[in-house]
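So you can see what is in the structure, the chains are spelled out below.
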Amino acid sequence: MADRDTLPLPLEVRARLAELELELSEGDITQKGYEKKRSKLIGAYLPQPPGVDPSLPQERRTPVTPSSSSRYHRRRSSGSRDERYRSDVHTEAVQAALAKHKERKMAVPMPSKRRSLVVQTSMDAYTPPGEEQIPRPDTSSGSEGEGSGQGDSQGTPNSSQGSINMEHWISRAIHGSTTSSTTSSSSTQSGGSGAARLSDLTAQTHIGPIAHLSLKRKSKTGTVENGNSLRRSCEFGSELTWQPLETEENHCAPPDVTTYTSEHSIQVERPQGSTSRSVPKYGNAELMETGDGVPVSSRVSAKIQQLVNTLKRPKRPPLREFFVDDFEELLEVLQPDPNQPKPEGAQMLPMRGEQLGVVTNWPPSLEAALQRWGTISPKAPCLTTMDTNGKPLYILTYGKLWTRSMKVAYNILHKLGSKQEPMVRPGDRVALVFPNNDPAAFMVAFYGCLLAEVVPVPIEVPLTRKDAGSQQIGFLLGSCGVTVALTSDACHKGLPKSPTGEIPQFKGWPKLLWFVTESKHLSKPPRDWFPHIKDANNDTAYIEYKTCKDGSVLGVTVTRIALLTHCQALTQACGYTEAETIVNVLDFKKDVGLWHGILTSVMNMMHVISIPYSLMKVNPLSWIQKVCQYKAKVSCVKSRDMHWALVAHRDQRDVNLSSLRMLIVADGSNPWSISSCDAFLNVFQSKGLRPEVICPCASSPEALTVAIRRPTDDSNQPPGRGVLSMQGLSYGVIRVDSEEKLSVLTVQDVGTVMPGGLMCVVKPDGVPQICRTDEIGELCVCSIATGTSYYGLSGMTKNTFEVFPMCSSGAPVSEYPFARTGLLGFIGPGGLVFIAGKMDGLMVVSGRRHNADDIVATALAVEPMKFVYRGRIAVFSISVLHDERVVIVAEQRPDSTEEDSFQWMSRVLQAIDSIHQVGVYCLALVPANTLPKTPLGGIHLSETKQLFLEGSLHPCNVLMCPHTCVTNLPKPRQKQPEIGPASVMVGNLVSGKRIAQASGRDLGQIEDNDQFLFLSEVLQWRAQTTPDHILYTLLSSRGTIASSLTCLQLHKRAEKIAAMLGERGHLQDGDHVALVYPPGIDLIAAFYGCLYAGCVPITVRPPHPQNIATTLPTVKMIVEVSRSTCIMTSQVICKLLRSKEASAAVDVRTWPPVLDTDDLPKKRPPQVYKPSDPDTLAYLDFSVSTTGMLAGVKMSHTATSAFCRSIKLQCELYPSREVAICLDPYCGLGFVLWCLCSVYSGHQSILIPPSELEINPALWLLAVSQYKVRDTFCSYSVMELCTKGLGLQTESLKSRGLDLSRVRTCVVVAEERPRISLTQSFSKLFKDLGLHPRAVSTSFGCRVNLAICLQPHRLGKLAEQGTSGPDPTTVFVDMRALRHDRVRLVERGSPHSLPLMESGKILPGVRIIIANPETKGPLGDSHLGEVWVHSAHNSSGYFTIYGEESLQSDHFNSHLSFGDTQTIWARTGYLGFLRRTELTDASGERHDALYVVGALDEAMELRGMRYHPIDIETSVIRTHKSITECAVFTWTNLLVVVVELDGSEQEALDLVPLVTNVVLEEHYLIVGVVVVVDIGVIPINSRGEKQRMHLRDGFLADQLDPIYVAYNM
């Protein structure tokens, strides 16, 4: 196509274009405005491609981006990208790499985000880019890609051939060929007509399946044609820079797009309305391709399927097989690649700089030089400062500098403190706090300090109390013992002040006296006072601060002799002469700016023109203008300043750079500066700039100037260049790259070693061994002119400034110590020094080294301008699972859409993958201007990393790729054979393994009430013998007695209910009756009424009046499944069941008859029913398990009586006792304790409905205290309510007389692993109220046996013997062994330890064995297996209408496969283990402890290992303060983690990396999906257990309404 030079663009148009570019780079106009103005400007000059009707409005044509030979008239790219990293070759390489990736179709599921989170400035933020220029009449059609169903993408007959073409064409475009902007073909329909839509024809070209994947929430509008994604992805063609013709690759001619356009130019008329269609809330299936290109619907499950498909692709490094030690899972240790390049060169020799020539009139010290010039030529200009308009603000002459510095010196020494006690003495350190626009004041203060022999410590101006990094600066000042800060008047006024006008103490700073150095504030020194000027010696001259990789700040001390020698070396290397003019753009407080602009300049009486950063922002050309204006010989700049000048350069005719003999590029050591140097030379060579003038230098705070390119007059000697292979560099080896053009690093030399210096290259880690000639290492310098120490840190100083490099023979290279420079590089041919990176930016991933700067450059070469804000991008590594992981954080532009960003992220991953062969672990985008900044506006890396790690970065987009990066996971487990029958026959002791079995004590002799087989008989007996004994007391929420029941009252009431059942219900013996009552006394009466009538009761939790829709269906289901012929309930609930809301939730007409027991008949039944057979059904117990299964079990009369008897023995229950019960009375042990035990044992039960605690959290504990109860039962939810609700009220409760010292046992009734942290915090919290720490214990029951263990501690004997020491019932097991179903005890606090609490003492009459759930063989002590139980109170089977007999017989009648094969066992479905303890209980028996680990149904089998959700959840909850609850489950082998967020939705994305990290670190698992939801979304059943399966179903059915869903790659 057309080349820019062949375009007849008049000069003024070019100038205007350059201005536009500048405006855009500065952010003064938007991308949209820029596009518009630009197309207006050059529209007229574009040749029309055939087939485009010239009458079409300009914006709708397919503009053709010419490639330009003047590479630097660039499009917008220039401004937004950080030019330090700019390289056309690299951009091209990246685009080529991406094109390669196009072949391998990437289908990455896009995260879904809640609407409120989508940072959206206005509706047009969502207009697809192609449509930008056209004002759309109908904005209601949000372009969300929610449900595109126009069908044209599937229907076009030539779409397949189109897609092939397109694929080819796009890869060309990516290669940066001349067609690179056919893609801005904004031929969208406007008002109904539509131009040719390439994108429609090619919606299947897997460019961005991502685009169809947005699972946004609550979007009401929502369809957009399938083309958008496509258009977006080709967009990056148009953003390519206009390529120079001199690039290495000659692109083949692009395919002829014109024919394409004309061929399929179908004009589609579309009614405007068709684009907006409302979308149902859930599951609107939209088109999306999976990895195989099959369209699927975009529900969550589809995304997961897609993720699974993506993950099926093989990872790069294949995992080797290796032996797994018995217990230790070994992490995969990366073996070095046998084919990796190794250094082959000879050992390098140290390189010497030229002799430092001694010039006779060189001053003996810098102060002497100042004195000389200040007295000989006081009128000579020393420093000219500029205002923000570029006008000279002030000229400091040598005379003024001399007199003022003397004045400052005198005042520092004599006017601070008192005569006897001066505050500052020679040798003390003082801080210099001066703004960047006031070099004159700084210079005066600096030389004042030198004259006073105090040590200046220049630092940045602290702007706020919590500037990024300012705290560390404070630590530096503190450690240097700084008490005085010198500052300027203006700066002092600008510092933050307290209301009293004092300058507050900044965080981490010592207390400082602020001293203003302006002359008018200082007293004149007396005539006889004169500073003591000596020759340079080894005293410290100044301290330069340096920020390390981890954010800590060190002070590098520079002695006076080093300072002087450095100035001499620079003078010699740069050929400085007296009265030369030098333009300085750099920061004059440190580094190159300080050395040239403040120190060496004074030694040579030079004139410095100082350009402040603020002026550069306003006018980037200012430094070039000053070079021309002052005919400056030397200029000190960074590559950024060269780049800005390029962008702003508008064919200024008067620019003449022929006076420059040296342009010092201070960051020449950044490998990416080379492109700015080349570019600058290209443009300004015609303006008199000579190539040899550009002199990059390398420097570091420790070694000062390391090397600098000399300004030669011989322009024939070209500068050194090296094109190095990135692959080689990652192994620390120099390989000049030839074959792979993609991954190369081009470096330029930074000249030769400084005069008087000796340089060598040593290996970056370990012993400082000299490198070979083809090896990259750290440069070390031996010279007088280096720093000498880190102030106050002798250890670090030794490692950095006192290094003795060794030859391979082990002999030191020199007797003098070297200083490490912190720069990585090598010495090339001719003694030229090349720098490839910095030690600080080094990331060692899987044994290979990568440089952060190189990765930044690659990321920015991926169509940067649309997303990343002005190159504000941070790359660092974090350590996860014993390796470094690369993290990239970038600021995204406010106008980029979700899909754009996601597309960009996935492309960055691909580019880095192919160019650096390293996976990115996490890529996060944050909103513009939110990353912490350094004082000069760069990104503060260590603060960014800190924020990332503590979860307070608040990104707006995150993409994690743990599946691709983490290759050192342990090998999946192969199961090993268990103990076989043979070993059992030999005897129980098989290699130290005891068969794991235990039993409770015998049921013992029968007491008077134990002769009854039926509870109904016991009640009748009690009604006769102790009619007025109170059995039940029900408390109200105020703690008063709501009602109570004596034996007789209960008996009478039960008789009436039995009569009513017979009369009104016409029930037969054995009919089932559902009892739907709130917790209370009516429920108990109704239960015994059923027994009296011979009916089988089923207790059912009543529906919740505020939540009928979800609770009523469960009631209905239980009633139906239990085949209840009638419902008994209270009047209130009766009305509720017939209410409008109820009929909306269920079909009310199918209810069985409902009997209201509030008005009972007066008469008794003819006789009380007596069952004929004790094995008949007494009642049914229905409960919803944690896996969401509704299971009813049958309890016979025998089992019920045996159960009550067992509890009576275990808890020593007698009529004289009182027991407080705060449990739900509907199933399991809770029901038995609430309804049955009091009647059987005769003790009084104080009933506290848990629902009342929501009104009065202290109710239960107050009741326990008031009734002086010794035994109480509660649930975990009650305990949690007390811990959370009463945490801060213990004092007030104490004053109300709450006393828990009488409590012997407080048993938590549960069907899960004991929640040890909750019981411990409960015990700790109420210890002050007298609760004995050993009183709290747990019980364990399940469906097949409602209580297996209960109440282990008899405080009686143990307490008197004073058994101090740790609670014997808690053990710590190795979590890694547990995953292999092994139990290995470890010490408390050892890594990977998991505390487990005993589940309670085994009940009398109960036998337990641990069996292998698969083989059904008995297991040894050290194995985790299924708990099997044999007891008289086992349930007799499941009650289901489906009659799944196999399930039933297996659960209730199991036999061991060998060993004791006779006993009938019931399988609990829970995994656990037994421990033989040495303890004896009160009766002197050995105590065997059962530890329940978790439900078999819930355990997750991942990588061949068994994980319990609760362990992963515990880890996750610990990672961030905003995670209140967590639940995990698996889906298609992916681990899904759902977290509840208690905080702003902005924090949602912070959690994704944290959750992924912790699960990797602690469980060696990769999280597949992270779902962030609101508080209360994770469903919990009445026992306080998480319903993970319900959660899973809700997630897959899109019903969770999540804040954010992240799919980890």
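As the structure is a prediction and not an experimental result, all values here were calculated from the model. (Residues numbered from 1 in each chain as written. Predicted model: local features only at pLDDT ≥ 70, side-chain atom pairs only at ≥ 80, totals over all residues. Heavy atoms only, no water.)

On to helix α11 (residues 366-376), then. Residues that lie three or four places apart on an α-helix share one face, since the helix turns once every 3.6 residues. Looking only at α11, the buried set comprises L366, E367, A368, A369, L370, W373 and G374. Contact partners of the buried residues in α11: α12 (398-414), α13 (439-452), α16 (560-574) and α17 (591-603). (Buried < 20%, exposed > 50% of the residue type's maximum accessible area, 1.4 Å probe, protein only. Helix = DSSP H or I, 4+ residues; strand = E, 2+ residues; numbered from the N terminus. Contact = heavy atoms within 4.5 Å.)

On to the pattern of salt bridges. This structure, assessed with the given rule, holds 43 salt bridges. For the salt bridge of R1467 with E1426, the shortest nitrogen-to-oxygen distance reads 2.7 Å. Of this pair, R1467 sits in strand β52 (residues 1466-1480) while E1426 sits in strand β50 (residues 1425-1431); the two residues are 41 residues apart in sequence, bridging distant segments of the chain. In this pair, the class of R1467 matches that of E1426, namely buried. Linked by salt bridges that have partners in common, E1498, E1513, E1525, K1586 and R1588 make up one network. (Salt bridge = Lys/Arg side-chain N within 4 Å of Asp/Glu carboxyl O.)

Turning our attention to the nonpolar core. It is characteristic of soluble globular proteins that their nonpolar side chains tend to be buried jointly. Grouped together as the largest cluster of nonpolar side chains are 89 residues, with contacts concentrated most on L1050, L1061, Y1088, M1128, I1207, L1236 and F1273. The element contributing the most residues to this core is helix α31 (residues 1081-1093), with 11 residues. Setting aside its immediate chain neighbours within four residues, M1128 contacts I1057, L1061, V1073, A1074, L1075, V1076, Y1077, A1086, C1090, L1155 and T1157. Counting 76 residues, the second largest nonpolar core, distinct from the first, contains V408, L416, L522 and I708. (Core = buried A, V, L, I, M, F, W, Y, C linked by side-chain atoms within 4.5 Å.)

A few words on the sheet that holds strand β13 (residues 581-584). Ordered by their spatial adjacency, nine strands build an open sheet running β6-β5-β14-β13-β15-β16-β17-β18-β21, and the pairing between neighbours is mixed. Looking at which strands have only one partner, the edges of the open sheet turn out to be β6 (392-397) and β21 (752-753). Bridge count for strand β18 (residues 704-708) against β21 is two bridges, and the pairing is antiparallel. Each bridged residue has a counterpart across the sheet, and for I708 the counterpart in β21 is T752. Sheet strands touched by α13: β5 (381-386), β6 and β14 (607-610). Its angle to β5, the strand with the most contacts, is close to 140°. (Pairing = 2+ DSSP bridges. Axes fitted to C-alpha atoms, helices over the stretch in contact; angles between N-to-C directions.)

Under the counting rule described, the total for this entry stands at zero disulfides. Left without a disulfide partner, C1237 is nearest to the cysteine sulfur of C1204, which lies 4.7 Å away. For C1237, a relative accessible area of 1% puts it in the buried group. (Disulfide = S-S within 2.5 Å.)

Quick look at the confidence of the model for the chain now. Any segment with low pLDDT has predicted coordinates that should not be analysed in fine detail. Per-chain confidence: the chain averages 79 in pLDDT, with 77% of residues scoring 70 or above. When the criterion is pLDDT under 50, residues 314-329 qualifies, and its contacts beyond four places in sequence or with other chains add up to 31 contacts. Across residues 1355-1366, where pLDDT falls below 50, the model places 10 contacts with residues more than four positions away in sequence or in other chains. (pLDDT = per-residue confidence, 0-100.)

Let's shift gears to unusual backbone geometry. Positioned with a positive phi, K1268 is a non-glycine residue whose angle comes to about 50°. Considering the arrangement of structural elements, one finds K1268 in the loop between α37 (1259-1266) and β44 (1271-1274). Positive phi outside glycine occurs at T1532, with the angle close to 45°. Looking at the element boundaries, T1532 is found in the loop between β56 (1523-1531) and β57 (1534-1541). Judged by relative accessible area, which is 37%, T1532 ranks as partly exposed.

On to the side chain of T1319, then. Relative to the assigned elements, T1319 resides in helix α40 (residues 1316-1325). Excluding anything up to four places from it in sequence, T1319 contacts Y1276, M1279, V1308, V1336 and M1397.

Let us look at the pairing of strand β47 (residues 1370-1374). The buried count for β47 comes to four of five residues, which makes it a mostly enclosed element. Alignment of β47 against strand β48 (residues 1393-1397), held across five bridges, turns out to be antiparallel. Bridge pairing in β48 places D1374 opposite S1393.

Moving on, we come to the sheet that holds strand β23 (residues 777-782). Pairing within the open sheet is antiparallel, and its five strands lie in the order β4-β22-β23-β25-β26. Strand pairing shows two members of the sheet lacking a second neighbour, β4 (351-352) and β26 (833-838), which therefore form its edges. Note that β4 and strand β22 (residues 758-762) share two bridges and pair antiparallel. For M351, the partnering residue across the bridge sits in β22 and is M759.

To describe a pair of aromatic rings, you give the distance between the ring centres and the angle between the ring planes. Scanning all chains against the criterion turns up 24 aromatic pairs. An angle of 10° between the planes, with centres 5.1 Å apart, marks the rings of F826 and F834 as stacked. By the burial criterion, F826 is buried, and F834 matches it. Seen in terms of ring centroids, F1087 and Y1179 are 5.8 Å apart; in terms of plane orientation they differ by 75°. Their pairing is edge-to-face. Of this pair, F1087 sits in helix α31 while Y1179 is found in strand β40 (residues 1177-1184), placing the two residues 92 residues apart along the sequence. Y1179 shares its class with F1087; the two are buried. (Phe/Tyr/Trp six-rings, centres within 6.5 Å; stacked < 30°, edge-to-face > 60°.)

Running from amino to carboxyl end, helix α20 (residues 639-648) crosses helix α21 (residues 674-684) at an angle of 40°, the nearest separation of the two axes being 9 Å. Accordingly, the angle class assigned to the pair α20 and α21 is oblique. As α20 runs across α21, the sense of the crossing is left-handed. Side by side, α20 and α21 meet where S639, M642, H643, A645 and L646 of the first sit next to S676, C677, A679, F680, V683 and F684 of the second. Classifying every residue of the contact of α20 with α21 by side-chain character gives eight nonpolar, three polar and no charged. (Parallel < 35°, antiparallel > 145°, perpendicular 65-115°, else oblique. Left-handed = near helix turned anticlockwise from the far one by under 90°. Nonpolar A, V, L, I, M, F, W, Y, C, P; charged D, E, K, R; others polar.)

Before going further, it helps to spend a moment on the environment of T557. Residue position: T557 is located in strand β12 (residues 553-559). For T557, a relative accessible area of 3% translates into the label buried. Measuring from C-alpha to C-alpha, the distance between T557 and E702 comes to 8.5 Å, with 145 residues separating the pair along the chain. Look past the residues within four positions of T557 in its chain and what remains in contact with it is T540, Y542, I543, G787, T788, S789 and Y791. Of note is the side chain of T557, whose polar atom sits 2.8 Å from the side chain of S789. (Polar contact = N/O pair within 3.5 Å; in protein donor to acceptor, adjacent residues only side chain to side chain.)

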